[in-house]
Amino acid sequence: MSKGMMSRRQFCALGMAGALAAITGCAGAAGNGGSASSGSESKDSAANDENKEAAAKARAIGDNNVNFGQEVDILIVGAGISGMLASIDPASAGLDVLIAEQNSTYGGDAIYSAACQMCSTAKLTKEERPDKYASPEEIREKFAPYYEDNEAGLDRTVLLQEWTGKFIDKMHYDWGYEFQPLRESPYHQAFFPKDGLCTMKSEFDLINEKVEEAGVRYLFQTTFQTLIVDEDGTVAGARFTDKDGNIVDIAAKAVVLATGGYVSNQEWMVKYAPEYAYIANIISGRKGDGIAAGVAVGGTLSGMGPTSNLNPRFEAGHMLGTFYPLLGLLPNGKRFYCETAVHNAATGALAAGYYEWYSVWDSVAQDGIDQEVILHAGDAVKTCDTIEELAEMTGMPFDKLQETFEQWKTICENQEDPDFKKTLFLQELKPPYYFLRNYPVRYKSLGGLTVSDRMEVLDADGNPIPNLYACGCTAGTEDITPAAGSGLLLGTTLAADYAK
């Protein structure tokens, strides 16, 4: 296939506006849910028919004016953790691999996250934290209640959990990354970056080093528009626009969709996760373009729905509770959740009828090793010397606030929390106090393209769509480590399918 020489009549760039509209117009083909699944085959024939209709509508909105400027073996759309990891094995096998990324650097959304990497299946877990290790059989037993009548979804969850362990072990044993030593916390199955909360960049820099060593190339500031198919409807590449608005058509033997989820697509949130649609969104540029593109060429949706949790606007307001004494207070001055169960903060405030709350800590956390998470909050972090000042600066009623601090003192003296059963960091806060006002935000979506156990995008009949793969949130993973595992798994698939 010579570069730039293909007949323009032989190819069709599927219009993304039509694809997005087609999905929104469908009743949906979401499979039975599950928090860790990358998506299972839909068993609903009516939903499959609607997916076929959506694909047909999208195909009718085309642009035959395709002109390939370059050709690669593997084209990966998205330089997040799944796309980066998917690139290494095929490039190491001698394939020409290109990662196209809309941002100016690698890392996706995870690079800015608190970087809590949950994993119970790694060799490192078994070695360092044997009480938190789980075999595939134990994983299956644990998740089975979430997958009644959905054996395929359960199988996928077990598979991705196994590959989650392979990610942690590759980082540590193969690439020499030293995760943070185990600290007192409620999450001993979680691995954190060596420099503390919100320092995922150190991991990404190492992953990028391995990506570049394998010979992978990047194309930054290049925004995905749509897939390109040949006259037979087979995926043959993808269309992008560069930072100047120019169209960039790239031919490829295989295309990987690793564009993230759809959390910033308000229309989709209303349709698939209405419980969270009215919550503020902290992530931009995640409109489900890759998911829509997969549907436009015959793929189906699976697992679409609300995610397992919400976040606070500022990670310091809940993640500090993982390692330090911290109080979470409603505007009425009362505690409302167990502060070490960090993801109960946002949903707990909403359940109590509030859209905001305050997190209060002292110098133990403020002077701790997790400085980056505090820096991320910037000027939102305030300080005061007395409870009276805290009440005045926040608007919380002084009498209720004083009562709460007295109750907390009693809890710390007795080392027992009768209301919320907190067992760690039962330690009085000493002035000066540090605090911030927080509110709930959505930061991830659930569900995506239905994929096989090899991360191939599947059609409504459960057959792989030739030359098309997906990983990470585009394939329905919800957290960092399953996304990473899906990328590693896909890398082995690509090397096997396309390396000579």
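Everything here concerns the structure above.
Residues numbered from 1 in each chain as written. Predicted model: local features only at pLDDT ≥ 70, side-chain atom pairs only at ≥ 80, totals over all residues. Heavy atoms only, no water.

Draft legend 1. A look at the sheet that holds strand β14 (residues 327-329). As summarised here, the arrangement of the four strands in space is β14-β15-β17-β16, forming an open sheet in which the pairing is antiparallel. The two strands at the open ends of the sheet, each matched to only one other strand, are β14 and β16 (382-384). Between one strand and the next, the sheet's axes are offset by a mean angle of 30°, whatever the strand orientation. Examined bridge by bridge, β14 and strand β15 (residues 357-361) share three bridges and lie antiparallel to one another. Across the sheet, residue Leu 329 finds its bridge partner in β15, namely Tyr 358. (Pairing = 2+ DSSP bridges. Helix = DSSP H or I, 4+ residues; strand = E, 2+ residues; numbered from the N terminus. Axes fitted to C-alpha atoms, helices over the stretch in contact; angles between N-to-C directions.)

Draft legend 2. Just a negative patch on the surface, in detail. Negative charge collects at one region of the surface, where Glu 137, Glu 138, Glu 141 and Glu 162 lie side by side. When residues of the negative patch are assigned to their parent elements, the largest contribution, three residues, is made by helix α5 (residues 136-143). Mapped onto the elements, Glu 137 comes out in helix α5. We classify Glu 137 as exposed; its relative accessible area is 58%. (Patch = residues over 30% accessible without salt bridge, like charges linked within 9 Å, V, L, I, M, F, W, Y side chains within 5 Å. Areas by Shrake-Rupley, 256 points an atom, 1.4 Å probe, with all protein chains shown as cover. Salt bridge = Lys/Arg side-chain N within 4 Å of Asp/Glu carboxyl O. Lys, Arg positive; Asp, Glu negative; His and termini not counted. Charge placed at Lys NZ, Arg CZ, Asp CG, Glu CD. Buried < 20%, exposed > 50% of the residue type's maximum accessible area, 1.4 Å probe, protein only.)

Draft legend 3. Spotlight on the side chain of Arg 442. Residue position: Arg 442 is located in strand β18 (residues 440-442). The side chain of Arg 442 sits in the buried core without any salt bridge; Glu 275 is the nearest counter-charge, 11 Å away. Within the structure, the side chain of Arg 442 is placed 3.0 Å from the backbone oxygen of Ile 279, a separation counted as a polar contact. Ignoring sequence-local partners within four residues, the contact set of Arg 442 consists of Val 263, Gln 266, Met 269, Tyr 276, Ala 277, Ile 279, Ala 280, Asn 281, Ile 282, Ile 283 and Leu 310. (Polar contact = N/O pair within 3.5 Å; in protein donor to acceptor, adjacent residues only side chain to side chain. Contact = heavy atoms within 4.5 Å.)

Draft legend 4. Highlighting helix α7 (residues 201-213). Taking 1.5 Å as the rise per residue, α7 with 13 residues should run 18 Å; its terminal C-alpha atoms sit 18 Å apart, in good agreement. What α7 keeps buried is the set Ser 202, Glu 203, Phe 204, Leu 206, Ile 207, Asn 208, Lys 210 and Val 211. On its buried side, α7 packs onto α3 (81-92), β4 (97-100), β5 (117-118), α6 (151-174) and β7 (217-219). Where α7 ends, the next residue or the one after it, Gly 215, has phi of about 95°, a positive value. (Expected span 1.5 Å × (residues − 1).)

Keep in mind these numbers describe shape, not what the thing actually does.
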